[in-house]
Amino acid sequence: MPSVRPHWYLYCSLLFAELLSTASSCDCGWHAIGVNNSNQLLDNRAVPFCSGCSSGIANGRERSSEIISSSVDVVSCEDLHGVGSFNTTCVLSSNVHLSSSIYAVGTGNLEILPNIYIVCPKVGCSVSFNVSGNVKVGPNAAILSSSVVIAANTLSVGYNSSINTTSLGGEPPSQTSGTPVGYEGAGGGHGGRGASCLRTEEIDAWGGDVYSWSTLSEPDSYGSKGSGKSSQSPFGGNGGGHIKLVVVDELNLNGSITAEGGDGGTSGGGGSGGSIHIYAHKLKGFGTISAAGGRGWGGGGGGRIALYCYSIQDVKVTVHGGVSLGCPENAGAAGTYFDATLLSLSVSNDNISTETETPLLDFYTTQLWSKVIVENKAKALVPLLWTRVQLRGQMSILGGSSVNFGLAEYPVSEFEIVAEELLMSDSTIKVYGALRVIVKMLLMWNSRIQIDGGNAIISSSVLEVRNLAVLRLGPGSLLQAPLDDDDSKTMVMKSLCENQSCPIDLITPPDDCHINSTVSFSLQICRVEDILVGGIIKGTLIHIHRARTIVVTADGMLTASELGCKTGIGKGIYLKGAGAGAGHGGKGGSGMFNGTIIEGGSRYGDADLPCELGSGSEGPDDSYGHVAGGGMIVIGAMPWPLLSLELYGSLRADGQSYTPEARYSNVTSIGGLGGGSGGTVLVFLHNLVLAEGADLSVAGGRGSSLGGGGGGGGRIHFHWSDINTGDEYIPIATVNGTMDRRGGAGDVVGHHGEEGTITGIQCPKGLYDGAYAWRSFGLMLKYVVLGAKYSPDLFAIQECPVGTYKDVDGSDEHLCIPCPLELLPQRAELIYMRGLLLNILRMKLVGSNSGYHSKYSFEQDRRDYRSPLLLSLSEVRGPGRIEETQSHVHRMYFMGPNTFREPWHLPYSRPYEIIDIVYEDAYNRFIDDINFIAAYDWWEGSIHSILLVLACPCAWSWKQWRRRVKLQRLQEYVKSEYDHSCLRSCRARALYKGMKVGGTPDLMAAYVDFFLGGDEKRVDIASIIRKRFPLCIIFGGDGSYMSPYSLHSDALLTNLVAQHVPTSIWNHLVAGLNAYLRTVRHGFIRSTLAPVICWVNSHANPQLGRHGVRIDLGWFHGTASGYCQLGIWVVVVDDYSTHNMPQPTSLDTNIVERNDKTAEKRYRPQSFTNQALSRRTSGLINGAIINDATLKSLEFRKDYFFPFSVFLRNTRPVGSQDTLQLFIIIMILADLSATLLMLVQFYWISLWVFLVVLLILPLSLLSPFPAGLNALFSQGHRRASLARMYALWNATSLSNIVMAFVSGLLHHLIHSVRESEHKNSGNVKRDYDVWWLLPLLLLLLKCIQARFVDWHLANLEIPDSSLYSPDPDALWAHVS
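Below you will find a few notes about this structure.

Cut-offs used in this document
The residue count restarts for each chain, going from 1 along the sequence in the order it is written. Local features are withheld for residues below a pLDDT of 70 in this predicted model, meaning they are given only at 70 or higher, and side-chain atom pairs are given and counted only at 80 or more; totals for whole chains, interfaces and linings count all residues. The side-chain values count all of the structure's non-hydrogen atoms but skip hydrogen atoms and water molecules. Secondary structure elements follow DSSP: runs of H or I no shorter than four residues count as helices, runs of E no shorter than two count as strands, and numbering proceeds from the N terminus. Residue exposure (1.4 Å probe, protein chains only): buried if accessible area is under 20% of the type maximum, exposed if over 50%, otherwise partly exposed. Residue contacts are counted whenever heavy atoms from the two residues lie within 4.5 Å of one another. Where accessible areas are quoted, they stem from the Shrake-Rupley method and a 1.4 Å probe; at the residue level, only the protein chains shown are allowed to cover. By definition, two strands form a pair when at least two bridges between them are found by DSSP. Axis definition: a line fit to C-alpha positions, over the contact stretch in the case of helices; interaxial angles, taken between N-to-C directions, run 0 to 180 degrees. Residues belong to one nonpolar core when they are buried, are Ala, Val, Leu, Ile, Met, Phe, Trp, Tyr or Cys, and are joined through side-chain atoms within 4.5 Å. Note: the arc covers the axis-to-C-beta directions of the helix. Side-chain atoms alone can form a polar contact between residues adjacent in sequence; in general such a contact is a pair of N or O atoms within 3.5 Å, and within protein one must be able to donate a hydrogen while the other accepts it. Two joining distances apply to patches: 9 Å for like charges and 5 Å for nonpolar side chains (Val, Leu, Ile, Met, Phe, Trp, Tyr), and every residue must have over 30% relative accessible area and no salt bridge. Should a side-chain nitrogen of Lys or Arg be within 4 Å of a carboxyl oxygen of Asp or Glu, the pair is scored as a salt bridge. Our working definition of a disulfide is a cysteine sulfur pair at a distance within 2.5 Å. Angles below 35 degrees are treated as roughly parallel, those above 145 as roughly antiparallel, those between 65 and 115 as roughly perpendicular, and all remaining angles as oblique. Crossing handedness: left-handed means the near helix sits turned counterclockwise from the far one by under a right angle, and right-handed means the same turn made clockwise. Residue polarity follows a fixed list, in which Ala, Val, Leu, Ile, Met, Phe, Trp, Tyr, Cys and Pro are nonpolar, Asp, Glu, Lys and Arg are charged, and the others, Gly among them, are polar. Note on ring pairs: Phe, Tyr and Trp rings are taken, using the six-membered ring of Trp, and paired if centres are within 6.5 Å. Classes follow the plane angle, with under 30 degrees stacked, over 60 edge-to-face and the rest tilted. Whether a charge sits over a ring depends on NZ of Lys or CZ of Arg being within 6 Å of the ring centre and within 35 degrees of the ring normal.

## A look at the overall build of the chain
A tally of helices and strands in the chain yields 26 helices and 66 strands. Considering the chain as a whole, with its 1376 residues, one finds that 56% of them fall into the buried category. Within the chain, residue pairs in contact and separated by at least 24 positions form 69% of the contacts whose partners lie at least 6 positions apart. A total of about 57,400 Å² of accessible surface is found on the chain, and carbon and sulfur atoms cover 55% of it.

Encoded structure:
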């Protein structure tokens, strides 16, 4: 036996095995991938990019020469007076002055030595270098041109060197207004508007406007010129040029890359910045990238910069506007900086003051941005009529910046901000129109949100904050609506000041915050968890509902003071110098002047449920001014009361006081107006904390010091919810501050206004209000001195005294009456429990108006159904199978292949079918939870990768086990843990019966079923769910050997289809379709899917057509990775004529670019003839029909392991099952014998060869024997899966046979060379001549064995061979 020592061929064998294992670990799945047919823009001599580079860089490089004109001179290194060649290394050692554009291309490197300049100062001139190597720009060197394009592997820009296109911009795109008109010296526009020194607070003027918004992610436009100040000098500074850099690896920048606008001086406006577009894997250094606007009489606007860089370190990027020499406080507007890797847009003016805006137009919805940042004194404008700013992350407004939504001249726009967070610091949002903010966190610090409805068309502004953890207004922050101008206030108050009816939206607001039919809120905050107010929330009508807690800090304030009606129902009258106070909760004070007395305004509104604005008073003309009443603050709603209100600061709705006096022209006084009345504070809540020093006020305003009466107090109402009626009373309010309802003071002659009202709901059974008499009869004498301020004992809700009871609602203490001892039941005792009479079993007696029954007994109490309470959910009968089918609404399938890299996930957009039965915000939270649970942990994928290398069948078993665990976890979560809060049905939420999770047996497809609860508000839902067709059914499997495609029709689907097709026919159709689907292979999708389409058209649809139904194959649910799912459409066609049958669509391809993948094709339907089918595909189910015409255009990922199809291939059944099993047993024994003999042979040859053959791959060589016996002799439904595992072990063992051939060949060659040096080498050599015989025999046995197993598996899964009958009549002959 040869000696045991290391051999170099062992390491080669191990390396080869590792490569083989890695290649075989690719996921099996059908992916739609397109072929890139675009022409290569690089010269043939250039080395193409490596396949591992990101697609963004590759695509950017391909586009890098798009701007190169056909007339550009192609130059060599010698033409530029350099040394070397662009195919090796070109060194430029002398300055180059150009008069026209140049283009240099090669496969080598380019080096520009220090202090060397490449200059082409002509406008429109371009300098382009396209090399596959490295480009180095030495210190103090420069490339100066109107356009610079560089494509290279790496790019280094040395210290104080530059790539510069400043003030060399050509013509901007046609039909743009970047260059200002006139001779006012305004700046040019591009990414931001140019400044105009004609702008004032009254005149909204700017210079050149913005353009190229649609290409801000790939900017390629020149900047614009500024305007001059005379016809002799019509233009100011030129615009910036264009720079495009495409770097495969690293861009090291220690100099500058600039495309700034030109300087216009004092004789013209500055030019706008140009465009800079950079692709690089890594961008680092201490340099600067700038597309800033140029300086001038009016500064130019900033340009546009887009960076596609995986890593950015220390480089400064600036797009600020140019300084305005004529109006230093109004520089040009900032441009845009787009980070394509982070998908973030930044607008920063580098703390240069400006009044000129940067318009932000329509935002991307196909690929949502992650961040929008407006900072450093930039001013942004969202000018369109309707705009949704939808982001995946934050919207930040920082550092003295502002964002204006809408135009002040046309405040009729509507806007939405949809993001994870809205962060504001020292900034302002001003809205001219209506605003909805849908975020998870809103943080304000010394910032303002001011909203101006401004017009009757849009007179409401909404702040809707979904799923919010915290709404925080820091000190100095202001959230205001409407603005302080009178027109804005009038539009909000108009409808509420003219009538007394209580808007229903205040008491029971709609489910959707922005749909208000009876009232227009000036400011509405809804769907918030916790609100922390450290600043000011200010509005005429503030409505906060669907919140959990509100905390107003000592510095915080909620105020509607002086924002109510100018006149109103209780308005104060002015007559001959005497001004009466306005009334509301209390009557207004009478006015008196020079003997003239005028009565105050009257009371109005309902003290028990107030919902009115306070009234004001007006003089006979505008010179007298006016006085406004208090506004209205509504917190909570009757269906959604606030959990707690903690008030440490102020909550006010005071009336306005009148301060000026009216006088004649001879300066003699003629009196003044009365004060405005207090407004309304209406609170629906559970608990109240009014801390010491806090105040809640609806006080009336003071009247004029000459003849004015005080305004009446307003109204405060606490609508308590769920006051505890258990054994012990738990206080619902802690009051240490003050509540002010006093009327306003009059002058010496005028009268004070009357006090307003403070009320609550009637006390429940067993409780009374100790302060009821004080409030009812006005006996608050000791508080008159304090200005009628409430103190803690006014919330004196107490229990009835011992020995009394109260079984009616009411607050009067006299309702607590003594317990009648003669009516006590036998052997009962009096127990103190909220003043109620209990028997010995402590059963409470409630609900009787007369007190008690004379024949009360325990048995009667047990069956007392006068108060029908649900004692347990177990009393509710669950839905049966038939009822479940009838209440089924929609089946929503998970997307994705359910692998460790791409797990299952559900889309966030609600399907059309369930919009009416789920709440949108709660549904989004449910999707978050489901997708989180469906995701795999990192260690699960790691174990799978390790097992792929060690034992591929074990990796498959591990993946299936984790899939099964994941599906069970999803089912358990939806069934038991999730509270079903997204469903509108109360019954479904209570019973946890509204949703179910299921999956196919192969764990490749999962779904969520939605059901009606039976108590939905929408009466038309029952008719909607009857129209479930066209019905989409997704196949299980992915077309691989281990998971062939199959249609799984559970009982629910079968019952649904049974509405049109008999169950027996449907089940037989499913069996026939699965028989053909099992032969479809993902790597040969076109050829293997064609027989399925033919069978559907010839066998299935003719039979289904008799029942008014047809099916069509289709693909669905394309994901970003290109993965698609196959399935069928089940379409009811009895209501359509033959020519209106749903026709297959042509498939359109859309290139989806990703930074970490090559371009892949996805398909979307263009049109559907059948209207029903079109309606369904317009929802979430994206896809298209597959038929003979569209099959040819179907793209798929090619199968590079097609030789393995000889071993692993799903075939048709062949019959003779017993004989086949006998042959398989014989082959297993022969396989084992050959394997053992081969191991003995290689052990004799060399121990190292023996170990390589046995351990690469480990477990694979000997495992087919036990796996085969287990598959053949097991019983039950697992026989097919065990047979597949046996086949997989058999195929995996081929790696050991390959290692046997490789190792044996290497050993044979080495020993042949070694023995040839000896004289008697021939005799030794014959010992190794036949080493290949046993591996070859084993390979043959495994091939035969694999085919036998495929036939055996087909016999097990398709026991009915008639399913493959070419005659349709024979197929359906035995189906009733």
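## Re the sheet that holds strand 58 (residues 888-893)
Within the open sheet, the 3 strands sit side by side as 58-60-59. Their pairing is antiparallel. The sheet is open, and its two borders are formed by strand 58 and strand 59 (995-999), each paired with just one other strand. Averaged over neighbouring strand pairs, the angle between their axes works out to 25 degrees when direction is ignored. Pairing of strand 59 with strand 60 (residues 1006-1011), which is carried by 5 bridges, proceeds in the antiparallel orientation. The residue of strand 60 that forms the bridge with Lys996 is Asp1009. Lying over the sheet, helix 11 (residues 952-977) contacts strand 59 and strand 60, oriented at roughly 170 degrees with respect to strand 59.

## Some remarks on the nonpolar core
Residues Met395, Phe405 and Phe718 are the most contacted members of the largest nonpolar core, which totals 84 residues. Not counting chain neighbours up to four residues away, the residues in contact with Met395 comprise Val372, Val389, Val403, Phe405, Ile417, Glu421, Leu422 and Leu423. Counting 56 residues, the second-largest nonpolar core is a separate cluster that includes Phe1029, Phe1035, Val1109 and Trp1115.

## Focus: helix 20 (residues 1247-1255)
Taken residue by residue, helix 20 has Val1249, Phe1250, Val1252 and Val1253 as its buried positions. Down the axis of helix 20, the buried side of the element spans an arc of 165 degrees, and every buried residue falls inside it. Backbone nitrogen of Trp1248 and a side-chain oxygen of the N-cap are separated by 3.3 Å at the start of helix 20; the cap is Ser1246.

## Some points on a nonpolar patch on the surface
A grouping of Val1330, Trp1332, Leu1333 and Leu1336 is seen on the molecular surface, where their side chains present a nonpolar patch of about 370 Å² in accessible area. By secondary structure assignment, the location of Val1330 is in the loop between helix 24 (1321-1325) and helix 25 (1333-1357).

## What to know about the state of the cysteines
In total, this model carries 4 disulfides according to the counting rule given. A disulfide bridge connects Cys120 with Cys125, and the sulfur atoms are separated by 1.8 Å. Between Cys120 and Cys125, the disulfide has an S-S torsion of 105 degrees and is therefore right-handed. With a relative accessible area of 0%, Cys120 lands in the buried category. On the basis of relative accessible area, Cys125 is assigned to the buried category, the value being 2%. Disulfide pairing is shown between Cys497 and Cys565; the S-S distance is 1.7 Å. Linking Cys497 and Cys565, the disulfide has an S-S dihedral of approximately -95 degrees and is accordingly described as left-handed. Taken together, the residues Cys497 in helix 3 (residues 486-497) and Cys565 in the loop between strand 37 (557-559) and strand 38 (574-575) connect sequence positions 68 residues apart.

## Details of the pattern of salt bridges
Scanning the entire structure with this criterion turns up 25 salt bridges. Its salt-bridge partner being Arg925, residue Asp921 comes within 3.9 Å of it at the nearest N-O pair. Of this pair, Asp921 and Arg925 both sit in helix 9 (residues 920-934), 4 residues apart, which is roughly one turn of that helix. Overall, the relative accessible area of 8% leaves Asp921 in the buried class. Between Asp1112 and Arg1110 there is a salt bridge, and its shortest N-O distance comes to 2.7 Å. Residues joined by salt bridges that share partners form a network here, namely Arg193, Arg199, Asp204, Asp209 and Glu357.

## Description of the packing of helix 23 (residues 1294-1316) against helix 25
Between helix 23 and helix 25, whose axes approach to 10 Å, the crossing angle comes to 160 degrees. Between helix 23 and helix 25, the angle falls in the class roughly antiparallel. Crossing hand, helix 23 versus helix 25: left-handed. Two secondary-structure elements touch here, helix 23 through Leu1294, Ile1297, Ala1300 and Phe1301 and helix 25 through Pro1335, Leu1336, Leu1338, Leu1339 and Lys1342. Class assignment for the residues of the contact of helix 23 with helix 25 results in 8 nonpolar, no polar and 1 charged.

## A word on the sheet that holds strand 61 (residues 1031-1034)
Pairing in this open sheet of 4 strands is antiparallel, and the strands run 61-63-62-66 from one edge to the other. For this open sheet the edge positions go to strand 61 and strand 66 (1183-1185), each flanked by a neighbour on one side alone. Within the sheet, the average angular offset between the axes of one strand and its neighbour, ignoring direction, is 35 degrees. Where strand 61 lies against strand 63 (residues 1125-1132), 4 bridges are found, and the strand directions are antiparallel. Counterpart to Leu1031 in the pairing with strand 63 is Val1130. Helix-sheet contacts for helix 16 (residues 1085-1105) involve strand 62 (1109-1116) and strand 63, and the interaxial angle to strand 62 is about 155 degrees.

## Considering the packing of aromatic side chains
Applying the stated criterion to the full structure yields 22 aromatic pairs. Taking the centre distance of 5.8 Å and the plane angle of 70 degrees together, the rings of Tyr893 and Tyr1007 count as edge-to-face. Of this pair, Tyr893 sits in strand 58 while Tyr1007 sits in strand 60, and the two are 114 residues apart along the sequence. Each member of the pair, Tyr893 as well as Tyr1007, is classed as buried. By the ring-pair criterion, three or more aromatic residues cluster together here, those being Trp213, Phe338, Phe363 and Trp369. Its end group placed over the ring of Trp958, Arg962 keeps NZ or CZ at 5.5 Å from the ring centre. Sitting over the face of the ring of Tyr936, Lys966 holds its NZ or CZ atom 5.2 Å from the ring centroid.

## Some remarks on the environment of Gly803
Among the secondary structure elements, Gly803 is positioned in the loop between strand 55 (797-799) and strand 56 (804-805). Residue classification places Gly803 among the partly exposed positions, given a relative accessible area of 29%. Distance in space between the C-alpha atoms of Gly803 and Pro820 is 9.2 Å, their sequence separation being 17 residues. With residues up to four places along the chain from it excluded, the contact list for Gly803 reads Ile817, Pro818 and Cys819.

## What to know about the packing of helix 9 against helix 11
Contact geometry of helix 9 with helix 11 gives a least axis separation of 9 Å together with a crossing angle of 150 degrees. Comparing their axes, helix 11 and helix 9 come out roughly antiparallel. In this structure, helix 9 meets helix 11 at a crossing whose hand is right-handed. Residues Phe926, Asp929, Ile930, Ile933 and Ala934 of helix 9 form the contact with helix 11, whose participating residues are Lys966, Arg969, Leu970, Tyr973 and Val974. Each residue belonging to the contact of helix 9 with helix 11 can be placed in one class, and the counts come to 7 nonpolar, no polar and 3 charged.

## Quick notes on the pairing of strand 8 (residues 126-131)
Sheet faces and side chains relate simply in a regular strand, where the side chains alternate between the two faces. A large share of strand 8 lies buried, amounting to 6 of its 6 residues. Every second residue of strand 8 is oriented toward a common face, with Ser126, Ser128 and Asn130 on one face and Val127, Phe129 and Val131 on the other, all of them buried. Across 5 bridges, strand 5 (residues 102-106) lies against strand 8 in parallel orientation. Looking at the pairing, Val105 lines up with Asn130 of strand 8. Examined bridge by bridge, strand 8 and strand 11 (residues 147-152) share 5 bridges and lie parallel to one another. Looking at the pairing, Ser126 lines up with Ser147 of strand 11.

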